[in-house]
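Fold and contact review
So you can see what is in the structure, the chains are spelled out below.
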Amino acid sequence: MNLADLNKVAVAMVVPGKGILAADESSGTIKKRFDAIKVESTEDNRRDYREMLFRSKEAMSHYISGVILYDETICQNAKDGTPLVKLIEQAGSIPGIKVDEGTQGLPNCPGELVTVGLDKLAERLKNYYDRGARFAKWRAVIDIGQGTGGHRIPSMTAIRVNAHALARYAALCQAAQIVPIVEPEVLMDGDHDIDRCYEVTQRVLNKTFQELRVQRVALEGMILKPNMAVSGKKSAKQASVQEVAEKTIRLLKSCVPAAVPGIAFLSGGQSDEEATAHLNAMNAIGNLPWRLTFSYGRALQAAPQKAWSGKSENVAAGQRAFTHRAHMNALASTGRWTT
Ligand code: 13P
């Protein structure tokens, strides 16, 4: 492993004024997104849609430091035959790849999930590096709520096995000279309040960093992709933007070592504006040991998906919508966004 080079990539991924586009929806997830805009999820439509994003010159060259791709996309060519990876590189952005293979039910823990995909990961990483990927992503999913047996979720078992897998993945990435994005996502689907989200996320992050240390992952050569401390979507008590910002900063300061170059948040089902406002409020607080930016999927793509709606005559409108959201989040990544 060449740690200086890994660190260089990690620092570039969170450079001030830029963030990451998570365009790594699996075939199942992109179908759901396309269903919502009444577009059939064919290979060509998925290509056309992603090509539209990657050819958004202003967004890609000014606001997007890196793009997380799905296996199909990293192997795909644009309509004119140019590899999609090349379009990203030509814009000065870094290609990355989602390498987890989704979740499975966790034995003995009803209602909980473990992320899979470690088998043969070393070989897959090598192939992805050859295709141009310089960073990767693995997402663990932790739910808050009641299990089917009426017990409280998450169990310590689910937190431990997912943290272990995240660290195994991260160590394998670094050995393959690929920067790991470590993503332990605590879902915001329940009716819990912000303090319960805070407490669960703290346990998850502490366990994750413990495993990363045990497995000797170099913190200087990774990026953390966490959820923010937010109220559950169905909670009657919704925390304000300022409360989310203050609690998320306090939480991260208590768990994330300063050696980590950057934290790139997931949007997790927040509205476009909320995701921007929260990131901006955190950066406005300032005086942080790491860079804070975005690695949004839905909060960057909902608007362009709607504007595009699968029609070639809407490509310019889709690109404008994407550029606008990317610009707003880029401003938020330095605390300079205003409504
Ligand atoms: P969202 O921003 O839509 O949560 O997606 C980010 C991501 O990469 C989830 O793994």
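Here, every reference points to the structure presented above.
The model shown is predicted, which means the values in this text are computed figures rather than measured ones.

Rules and cut-offs
Residues numbered from 1 in each chain as written. Predicted model: local features only at pLDDT ≥ 70, side-chain atom pairs only at ≥ 80, totals over all residues. Helix = DSSP H or I, 4+ residues; strand = E, 2+ residues; numbered from the N terminus. Rg over C-alpha atoms; globule rule 2.2 N^0.38 Å. Buried ≥ 20, exposed ≤ 12 C-beta atoms within 10 Å, placed from the backbone. Contact = placed C-beta atoms within 7 Å. Right-handed = clockwise from strand over helix to strand, strands pointing away. Pairing = 2+ DSSP bridges. Arc of directions from axis to C-beta. Axes fitted to C-alpha atoms, helices over the stretch in contact; angles between N-to-C directions. Core = buried A, V, L, I, M, F, W, Y, C linked by C-beta atoms within 7 Å.

**A few points about the overall build of the protein**
Counting secondary structure elements, the protein contains 13 helices and 12 strands. Computed over C-alpha atoms, the radius of gyration of the protein comes to 19 Å, within 12% of the 20 Å expected from 2.2 N^0.38 for 339 residues, which places it in the range of a compact globule. Dimensions of the protein along its principal axes, counting C-alpha atoms only, are 50 × 45 × 40 Å. Relative to its full complement of 339 residues, the protein shows a buried share of 48%. Nonlocal contacts in the protein, meaning residues at least 24 apart in sequence, comprise 80% of its contacts between residues at least 6 apart.

**Focus: unusual backbone geometry**
The omega angle of the peptide bond from Ile153 to Pro154 is 10°, so this bond is cis rather than trans. Within the secondary structure, Pro154 is located in the loop between strand E8 (152–153) and helix H8 (156–175). Phi is positive for Lys38, which is not a glycine, with a value near 60°. Mapped onto the elements of the fold, Lys38 is located in the loop between helix H2 (27–36) and helix H3 (43–54). Despite not being glycine, Asn287 shows a phi value in the positive range, around 55°.

**Some details on the pairing of strand E11 (residues 262–265)**
Every second residue of E11 is oriented toward a common face, with Gly262 and Ala264 on one face and Ile263 and Phe265 on the other, all of them buried. Traced from strand E10 (residues 223–224) through helix H10 (residues 241–255) to E11, the parallel crossover comes out right-handed. Alignment of E11 against strand E12 (residues 291–296), held across four bridges, turns out to be parallel. Across the sheet, Phe265 pairs through a bridge with Phe294, a residue of E12. Handedness of the crossover is the feature at issue here: the chain leaves E11, passes through helix H11 (residues 272–285), returns alongside E12, and the resulting connection is right-handed.

**Description of helix H1 (residues 3–13)**
Within H1 the residues assigned to the buried category are Leu6, Val9, Ala10 and Met13. Looking down the long axis of H1, one finds its buried residues gathered within 100° of arc, a one-sided arrangement.

**Side note on the sheet that holds strand E1 (residues 19–22)**
Strand order in the closed barrel formed by eight strands is E1-E2-E3-E6-E9-E10-E11-E12, and the pairing between neighbours is parallel. Here E10 pairs with E11 via two bridges, running parallel. Bridge assignment links Ile223 to a residue of E11, and that residue is Gly262. On the sheet, H11 packs against E11 and E12 and is oriented at approximately 170° with respect to E12.

**A closer look at the nonpolar core**
Ranked by size, the top nonpolar core spans 98 residues in total, and within it Met13, Phe135, Ala136, Ala170, Cys173, Val179 and Ile223 carry the most contacts. The greatest single-element share of this core, amounting to 10 residues, is contributed by H8. Not counting residues within four places of it along the chain, the set of residues in contact with Val179 comprises Leu6, Val9, Ala10, Met13, Arg134, Phe135, Cys173, Gly221, Met222 and Ile223.

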